[in-house]
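The chain contents come next:
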Amino acid sequence: IRETTTPAWIHSVPHNYGDASAGTIKADEWRLLSTLYLPIALVTLWGDHNGRGPTKDSKLLSVLNHAMALFQAVSIICRITIDRERAEAFRDLLKEWVDGLHTVHPHTKSHHPRPNIHIAFHIFDFLLFFGPVHSWWTFPFERLIGTLQKINTNNHPGGKSL
């Protein structure tokens, strides 16, 4: 992350991401991690072996391809415009990612299905009903809530008591 050069209009994530001192990652930072920083890092770490790609039966290649399906799905829904073809591509990539969970991460077989995965498939419907995610996501509200949480009210209306 620290060594990645990005255009000035792309916000960064904490350079010490992963350290406790980095704090809590916000939703927009997760979006940047999954659409920019993690794909670059994982391809660099797992996809290149001295100028040659990994073998087709490589465990790291299957994990990389699995992660890339999710990263591509996130990239599609974060575009400024959306149409049925893109919405279907999102749904197909999400299904590819979900279908690969038990194969790539066998420990997930023992877990109960998460409602987040079910809900994620409804994003397809939301894209068709409401248009691009940019028009209905809640990052501005998250930022406002974060700002409000930093205000010292000392649990009293109007702030600190004297």
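The model shown is predicted, which means the values in this text are computed figures rather than measured ones.

1. A look at the environment of G146
- Residue placement: G146 occurs in helix α5 (residues 139–149).
- Between the C-alpha atoms of G146 and P113, which are 33 residues apart in sequence, the distance is 30 Å.

2. Things to note about the pattern of salt bridges
- Taken as a whole and judged by the stated rule, the model has three salt bridges.
- The salt bridge involving R31 is made with D28; its shortest N-O contact spans 2.7 Å. Of the two residues, R31 and D28 both sit in helix α1 (residues 27–46), three residues apart, roughly one turn of that helix.
- Look at R31 and you get partly exposed, because its relative accessible area is 22%.

3. Comments concerning the side chain of S58
- Mapped onto the fold, S58 is located in the loop between α1 and α2 (59–77).
- A polar atom in the side chain of S58 sits 3.3 Å from the backbone nitrogen of L60.

About the cut-offs
- Residues numbered from 1 in each chain as written.
- Predicted model: local features only at pLDDT ≥ 70, side-chain atom pairs only at ≥ 80, totals over all residues.
- Heavy atoms only, no water.
- Helix = DSSP H or I, 4+ residues; strand = E, 2+ residues; numbered from the N terminus.
- Salt bridge = Lys/Arg side-chain N within 4 Å of Asp/Glu carboxyl O.
- Buried < 20%, exposed > 50% of the residue type's maximum accessible area, 1.4 Å probe, protein only.
- Polar contact = N/O pair within 3.5 Å; in protein donor to acceptor, adjacent residues only side chain to side chain.

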